[in-house]
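# Structural features, examined
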Amino acid sequence: MKIAFFGGSFDPPHLGHDAVVKVALNTLDIDKLIIMPTFINPFKQGFVASKEQRFLWAKKLWGNLEKVEICDFEIKQERPVPSIESVLYLQKRFNPSKIYLIIGADHLASLHSWHEFDSLSKMVEFVVASRLKIIIPKEFKKLDVHFDIASSFIRDTLDVSEVCEGIKDEVKEYYTQFINKTQRIKMQERIKAITDILDDKKAEQIEVFDMQDKDYFVSFVVLANTLGQRHALALIDELKTKLKEKGEQFLGIESSEDWSVLDLGDILIHLLSEDYRAKYNLEEFLKELGKQKA
């Protein structure tokens with residue numbers, strides 16, 4: 001039996017954690033992935049959420065995945081637990097032929113200071129989840145984690161009420177802000193990907209309208225001028241190709257000689273000829289809509 005061990009505070013779980021879980025399941029030759037929330041990280045002073053809440057989050061997000069087990073060994077100890085102790089527990093419980101210990105690349109610099117590191121390194125094979133700008137030495141097995149392939153599970157799997165269920169009122173605001181910030185960052189990344197593609201392909205007068213909290217059916221609208229029908233078709237092909245690679249789903253595409261609309265569900269992209277842009281003046285409509293709501 002081959003197992004992988006992925007520990008962490010999960011305070012709260014975020015896109016990076018989800019990416020590690022999904023990529024590990026897809027790429028490592030394992031029979032089981034053990035996800036083990038810590039009682040407290042030996043290198044941290046404390047957590048915002050309780051051990052019980054962090055365990056429930058992990059169960060909610062990953063407990064139903066095939067080969068995954070959420071383990072409460074460390075939180076039951078009610079003290080900092082070094083990784084070697086958890087590995088010994090897993091050895092005794094599963095008697096595996098192989099244990100992969102998954103760590104983030106940001107832990108490489110301090111890895112040598114881990115409790116009984118020399119003994120630990122003989123018991124496990126370290127798997128390092130990549131992070132931007134951190135070079136992973138060749139002696140380590142690398143887990144190629146790219147956040148753009150991770151599911152946006154905080155947005156899509158948990159809503160604010162579920163995340164905050166059972167935690168103190170003063171903590172709810174913290175997590176509400178965290179989730180909202182995560183959603184904003186993700187949306188900013190999506191909008192930037194769209195505008196970068198349009199800019200690279202010579203679209204003109206690119207404008208982005210934030211329609212959140214306004215009386216409109218999408219969160220953002222992107223407007224751009226085309227140089228003609230052929231240019232519009234080329235822009236559509238490029239957007240479809242590049243955005244699908246990033247996990248975007250197109251709910252519909254309507255295209256005519258002077259006006260094309262791409263529907264991403266919460267984002268609308270309008271590609272217009274210069275004459276149609278001037279004739280229909282969507283900018284004014286969107287701006288006025290925002291003023292009325294305010």
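Our subject is the structure that appears above.
Only a predicted model underlies this, so the values are computations on that prediction, with no experimental measurement involved.

What follows is about the overall build of the chain. Each helix and strand counted, the chain has 11 helices and 11 strands in total. When burial is assessed residue by residue, the chain has 45% of its 294 residues classed as buried. The contacts in the chain between residues at least 6 apart in sequence include a share of 66% that link residues at least 24 apart. Carbon together with sulfur atoms contributes 48% to the accessible area of the chain, which is approximately 16400 Å² in total.

A word on the sheet that holds strand β6 (residues 141–143). Reading across from one edge, β3-β2-β1-β4-β5-β6 is the order of the six strands in this open sheet, with parallel pairing throughout. This sheet does not close on itself; its edge strands, each paired only once, are β3 (68–70) and β6. On average, each strand axis in the sheet is inclined to that of its neighbour by 25°, with strand direction left out of account. Where strand β5 (residues 125–129) lies against β6, three bridges are found, and the strand directions are parallel. When the sheet's bridge partners are listed, Ala129 is paired in β6 with Leu143. On the sheet, helix α2 (residues 51–62) packs against β2 (32–37) and β3 and is oriented at approximately 165° with respect to β3. On top of the sheet, helix α4 (residues 83–94) reaches β1 (2–8), β2, β3 and β4 (98–104); it is set at about 145° to β1, its chief contact.

Here strand β10 (residues 259–263) shows one buried face, formed by Ser260 and Leu262, and one open face, formed by Trp259, Val261 and Asp263. Bridge count for strand β9 (residues 252–255) against β10 is four bridges, and the pairing is antiparallel. The partner of Ile253 across the bridge, within β10, is Leu262. Linking two consecutive strands that pair antiparallel, namely β9 and β10, is a turn of three residues.

In this structure, Glu78 takes a positive phi of about 55° despite not being glycine. One can find Glu78 in the loop between α3 (73–77) and α4. Classification of Glu78 as exposed rests on a relative accessible area of 52%.

Attention now moves to the pattern of salt bridges. Within this structure, the stated rule accounts for 16 salt bridges. Note that Asp18 is salt-bridged to Lys22, the shortest N-O span being 3.3 Å. With a gap of four residues between them, Asp18 and Lys22 both fall in helix α1 (residues 15–27), about one helical turn apart. Given the relative accessible area of 28%, Lys22 is considered partly exposed. In the salt-bridge network here, residues are joined through shared partners; they are Lys32, Glu69 and Arg93.

Within the structure shown, the criterion is met by 10 aromatic pairs. Taking the centre distance of 5.9 Å and the plane angle of 20° together, the rings of Phe117 and Phe126 count as stacked. For the residue pair Phe117 and Phe126, the accessibility class agrees, reading buried in each case. Aromatic side chains Trp259 and Tyr280 sit 5.1 Å apart centroid to centroid with 50° between the ring planes, which places their arrangement in the tilted category. Taken together, the positions of Trp259 in strand β10 and Tyr280 in helix α10 (residues 274–280) put the pair 21 residues apart, joining distant regions of the chain. A relative accessible area of 38% means that Tyr280 is categorised as partly exposed. Following the ring pairs from residue to residue traces out a cluster consisting of Phe6, Phe10 and Trp62.

Quick notes on the rules
Residues numbered from 1 in each chain as written. Predicted model: local features only at pLDDT ≥ 70, side-chain atom pairs only at ≥ 80, totals over all residues. Heavy atoms only, no water. Helix = DSSP H or I, 4+ residues; strand = E, 2+ residues; numbered from the N terminus. Buried < 20%, exposed > 50% of the residue type's maximum accessible area, 1.4 Å probe, protein only. Contact = heavy atoms within 4.5 Å. Areas by Shrake-Rupley, 256 points an atom, 1.4 Å probe, with all protein chains shown as cover. Pairing = 2+ DSSP bridges. Axes fitted to C-alpha atoms, helices over the stretch in contact; angles between N-to-C directions. Salt bridge = Lys/Arg side-chain N within 4 Å of Asp/Glu carboxyl O. Phe/Tyr/Trp six-rings, centres within 6.5 Å; stacked < 30°, edge-to-face > 60°.

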